[in-house]
Amino acid sequence: MAASDAERARRSRRHRKGDHSMCDPTRCDGTTPVTSQSQPSAPDRPRLRSRGRRLWEDEGGDTLTGANRVVLEEACRLVDRLDRLDAILNGRDRSWLSLEMGDDGEVQVVVDKVLSESRQQQLALKQLAAELRAAGGAGKPATGGGILDEIAARRKARLADASG
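Residues numbered from 1 in each chain as written. Predicted model: local features only at pLDDT ≥ 70, side-chain atom pairs only at ≥ 80, totals over all residues. Heavy atoms only, no water.

A. Just the overall build of the chain, in detail. A count of helices and strands for the chain gives 5 helices and 2 strands. Secondary structure elements of the chain, listed N to C terminal, follow the sequence α-α-α-β-β-α-α. Sorting the 164 residues of the chain into buried and exposed places 20% on the buried side. Put simply, 45% of the contacts in the chain that link residues at least 6 apart link residues at least 24 apart. For the chain, the accessible surface area stands at approximately 12700 Å², while carbon and sulfur atoms represent 50% of it. (Helix = DSSP H or I, 4+ residues; strand = E, 2+ residues; numbered from the N terminus. Buried < 20%, exposed > 50% of the residue type's maximum accessible area, 1.4 Å probe, protein only. Contact = heavy atoms within 4.5 Å. Areas by Shrake-Rupley, 256 points an atom, 1.4 Å probe, with all protein chains shown as cover.)

In structure tokens form, the structure reads like this:
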């Protein structure tokens, strides 16, 4: 009989932690030793979708600690949330505009507040990105920079061209 999803998830979590007691011997050779003492592990990686995960990896999220890690984690979640809101606005996800018929036969157009929520999330992401920049690029060296630094440099060049 096949294992349930919950059982597979339990085995997988134990396997990743180094406990091979629940592993199928034909699929796992148990190369990671199981220790009796608990060892400090790296902080858990947040559950993210593709763009949030990409931002996490680009900014070195696994190497961060403290407030910088929390700010980056929230920025990654915001990026994923904005993707979901964009899917709603572009019709790839549930509709943000619907027609409802009242008891009196009158049709009403109902518009979600998805667009305003998307704008608010964009502002929140902008603020978090500014915090990350102020914190030293989330642990990355100042040279090289990321997309936010590139945008800032382009803006600075445009302003210099306009004034001079």
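Picking up after the structure, the text goes on.
B. Just the environment of Q121, in detail. Note on placement: Q121 falls in helix α4 (residues 114–134). Assessed through its relative accessible area of 11%, Q121 is described here as buried. Separated by 43 residues in sequence, Q121 and L78 place their C-alpha atoms 6.6 Å apart. If we skip the residues at most four places from it in the chain, Q121 touches L78, R81, L82 and L85. Separated by 2.6 Å, the side chains of Q121 and E117 make a polar contact. (Polar contact = N/O pair within 3.5 Å; in protein donor to acceptor, adjacent residues only side chain to side chain.)

C. How the structure looks around the packing of helix α3 (residues 66–89) against α4. At a minimum axis separation of 9 Å, α3 and α4 run at an interaxial angle of 155 degrees. Between α3 and α4, the interaxial angle falls into the category roughly antiparallel. Handedness of the α3/α4 crossing: left-handed. Contacts from N68, V71, L72, E74, A75, L78, V79, R81, L82, L85, I88 and L89 of α3 reach α4 at V114, L115, E117, S118, Q121, Q122, A124, L125, L128, E131 and L132. Residues that form the contact of α3 with α4 fall into these classes: 15 nonpolar, 4 polar and 4 charged. (Axes fitted to C-alpha atoms, helices over the stretch in contact; angles between N-to-C directions. Parallel < 35°, antiparallel > 145°, perpendicular 65-115°, else oblique. Left-handed = near helix turned anticlockwise from the far one by under 90°. Nonpolar A, V, L, I, M, F, W, Y, C, P; charged D, E, K, R; others polar.)

D. Spotlight on the confidence of the model for the chain. Of all residues in the chain, 76% attain a pLDDT of 70 or more, and the chain-wide mean is 75. Summarising per-element confidence for the chain, the mean pLDDT is lowest in helix α5 (residues 147–163) (74) and highest in helix α2 (residues 50–58) (89). With pLDDT under 50 throughout, residues 138–143 is counted as low confidence; its partners more than four residues away or in other chains account for 7 contacts. (pLDDT = per-residue confidence, 0-100.)

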